[in-house]
Amino acid sequence: MTLMLPCFAILNPMKKVKVLNITGWGRSGSTVLGSILGNHQDFFFGGELRNIWKQSLLNNRLCGCGVPFKECSFWKKIFDNGFGGIDNVDPDQIVKKLKFSYYSRFAPMKLLPFGEKYFRACAVSLPEIEKLFLSIREITNCKVIVDTTKSPLYGYLLSLMDNLDVYVIHLIRDPRGIAYSRKKKILQPDKEKVIYLERFNSFDSSFKWNMRNLLSECLWKKNKDKYLMIKYEDFASEPKAVVNKILDFISESRALTPFISSNEIELGINHSAWGNPSRFKIGKVELKIDNEWKNKLNTFDKFISTVCTFPLLLKYGYKVNY
Ligand SMILES: [Zn+2]
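How each quantity is defined
- Residues numbered from 1 in each chain as written.
- Predicted model: local features only at pLDDT ≥ 70, side-chain atom pairs only at ≥ 80, totals over all residues.
- Heavy atoms only, no water.
- Donors = N, O, S within 2.8 Å, 3.2 Å for Na, K, Ca; no water.
- Tetrahedral: all angles 85-135°; square planar, octahedral: opposite > 155°, others 65-115°.
- Core = buried A, V, L, I, M, F, W, Y, C linked by side-chain atoms within 4.5 Å.
- Buried < 20%, exposed > 50% of the residue type's maximum accessible area, 1.4 Å probe, protein only.
- Contact = heavy atoms within 4.5 Å.
- Helix = DSSP H or I, 4+ residues; strand = E, 2+ residues; numbered from the N terminus.
- Pairing = 2+ DSSP bridges.
- Axes fitted to C-alpha atoms, helices over the stretch in contact; angles between N-to-C directions.
- Polar contact = N/O pair within 3.5 Å; in protein donor to acceptor, adjacent residues only side chain to side chain.
- Phe/Tyr/Trp six-rings, centres within 6.5 Å; stacked < 30°, edge-to-face > 60°.
- Lys NZ or Arg CZ within 6 Å of the ring centre and 35° of its normal.

K.L.:
Would you explain the coordination of the zinc ion in this entry?
P.N.:
Think of it this way: four donors in a tetrahedron around the metal ideally sit 109.5 degrees apart, and six in an octahedron ideally sit 90 or 180 degrees apart. Donor atoms from the polypeptide that bind the zinc ion are Cys63 (SG), Cys65 (SG), Cys72 (SG) and His271 (ND1), placed at 2.1 to 2.4 Å. Between the four donor atoms coordinating the zinc ion, the angles at the centre fall across 100 to 120 degrees, so the site counts as tetrahedral. When the donor residues of the zinc ion are listed from N- to C-terminus, their spacing reads C-x1-C-x6-C-x198-H.

Laid out in structure tokens, this is it:
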């Protein structure tokens with residue numbers, strides 16, 4: 001009988017890789033929050049790491065440092081160390097296996113008798129993700145890896161991996177602010193082609209806002225040691241205080257953040273794999289709340305967004321009228 005050995009051993013619990021996953025619905029300030037945390041000396045900001053297989057390895061999009069991913073010496077080291085070279089990875093297969101995590105409708109499967117077993121099998125079938133996180137920690141010597149993939153199912157999948165110790169920040173923003181941002185045409189910098197961020201109409205954005213937020217709560221809220229809900233409006237008004245709250249939550253030092261005042265930061269170059277173009281910002285950045293939608297989102301979209309997210313928006317403390 002042949003005994004199949006796993007490709008890497010399960011680590012001692014103390015040696016698990018600490019992952020901070022920011023979940024919720026996009027345009028909630030997750031990239032800025034991730035960048036700030038990534039400039040903490042003990043943290044590494046990977047951006048939306050679920051997309052590293054498709055956007056970085058298959059499409060060779062820009063790394064946060066500004067060069068095409070496959071030319072970035074940092075990521076070359078990570079893949080050389082973890083996989084014996086970037087060419088030893090089959091990103092197509094990984095993208096296919098991760099496809100289910102894009103659809104919140106798969107989440108109710110967790111409630112079925114075989115649900116947990118099914119998701120555990122999905123986690124086991126993706127050892128490349130653990131290898132990636134382990135290699136990042138080995139090369140950077142960081143204590144925490146920040147992953148801003150805002151898919152509750154993806155975060156849940158990470159939490160089922162033996163070598164990862166996953167903490168979740170559930171970031172919530174007023175759905176009308178997101179609806180306004182989601183309608184905008186925003187360029188994603190790239191060397192080869194013109195790419196814009198995915199756009200949504202107010203109805204679709206609001207529907208996804210409900211799904212993502214409800215699902216985040218269902219999957220994580222009972223786990224008080226691993227889940228923290230943060231509102232964008234609080235973060236944008238008092239960024240330093242909120243970042244300190246997050247650092248306390250995951251028991252990491254408050255002393256090593258990039259804040260130069262309560263709302264100003266000094267950002268260095270990062271190697272985020274994918275995410276909002278704000279990940280390319282470096283230097284001194286002043287943080288302030290973005291309320292442009294209050295004056296610029298048209299009445300129809302405000303109405304659609306308010307009706308479609310009722311009553312959840314009241315539960316999160318947002319007013320019906322502005
Ligand atoms: Zn880079």
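K.L.:
Would you mind going over the nonpolar core with me for this structure?
P.N.:
General note: in soluble globular proteins, nonpolar side chains tend to be found buried as a group. Core analysis: the biggest nonpolar cluster contains 47 residues, and Trp53, Trp75, Phe79, Leu132 and Phe133 have the highest contact counts within it. Leaving out residues up to four positions away in the same chain, Leu132 has contacts with Leu49, Ile52, Trp53, Trp75, Ile78, Phe79 and Phe83. Counting residues in hydrophobic clusters, the runner-up holds 26 residues, among them Phe45, Val146, Ile169 and Leu267.

K.L.:
Please explain unusual backbone geometry as it appears in this structure.
P.N.:
Trans is the prevailing form of peptide bonds, just as negative phi is the prevailing case for residues other than glycine. Cis geometry marks the peptide bond from Phe310 to Pro311, where omega comes out at 10 degrees. Even without being glycine, Arg27 reaches a positive phi, approximately 75 degrees. For Arg27, the position within the fold is in the loop between strand S1 (17-24) and helix H1 (30-38). In this structure, Asn141 is a non-glycine residue whose phi angle is positive, near 60 degrees. Position of Asn141 among the secondary structure elements: in the loop between helix H6 (127-140) and strand S3 (144-147).

K.L.:
Explain the sheet that holds strand S7 (residues 227-231) here, please?
P.N.:
Consider a sheet: its strands pair through backbone hydrogen bonds, and that pairing is either parallel or antiparallel. The strand order across the open sheet formed by five strands is S2-S3-S1-S4-S7, and the pairing between neighbours is parallel. Edge positions in the sheet fall to strand S2 (43-45) and S7, since each of these pairs with one other strand and no more. Ignoring which end each strand starts from, the neighbouring axes of this sheet average 25 degrees apart. Across eight bridges, the pairing between S1 and strand S4 (residues 164-172) is parallel. What sits directly across from Leu20, in S4, is Tyr167. Contacts between helix H9 (residues 202-220) and the sheet are confined to S1, S4 and S7, with S4 contributing the most and set at about 140 degrees to the helix. Against the sheet, helix H11 (residues 239-249) touches S1, S2, S4 and S7, its axis set at about 175 degrees to S7.

K.L.:
Quick question: what am I supposed to make of the sheet that holds strand S10 (residues 283-286) here?
P.N.:
Overall, antiparallel pairing links the three strands, which are arranged S8-S9-S10 in an open sheet. At either margin of the open sheet sits one strand with a lone partner, and together these are strand S8 (259-261) and S10. Geometrically, the sheet is characterised by an average inter-axis angle of 30 degrees between neighbouring strands, direction not taken into account.

K.L.:
Honestly, helix H13 (residues 299-309) in this entry has me stumped. Any pointers?
P.N.:
At 3.6 residues per turn, the α-helix brings residues three or four places apart onto the same side. Three or more residues of H13 are buried, namely Asp301, Ile304, Ser305, Thr306 and Thr309. For H13, the secondary structure elements touched by its buried residues are helix H8 (175-183), H9 and helix H14 (312-315). The opening residue of H13, the one whose side-chain oxygen lies 3.1 Å from the backbone nitrogen of Phe300, is Asn298.

K.L.:
Can you help me understand the packing of aromatic side chains in this one?
P.N.:
Each aromatic ring pair is characterised by the separation of its centres together with the angle its planes make. Tallying each qualifying case throughout the model produces 17 aromatic pairs. Here the aromatic rings of Tyr103 and Phe106 are separated by 6.2 Å at their centres, their planes lie at 65 degrees, and the arrangement is edge-to-face. With a relative accessible area of 32%, Tyr103 lands in the partly exposed category. By relative accessible area, which is 28% here, Phe106 ends up partly exposed. Among the aromatic side chains, those forming a connected cluster through ring pairs are Phe44, Trp53, Phe69, Phe74, Trp75, Phe79 and Phe83. Sitting above the plane of the Tyr167 ring, Lys18 keeps its charged end 5.6 Å from the centroid. The ring of Tyr232 carries Arg173 above its face, with NZ or CZ at 4.4 Å from the centroid.

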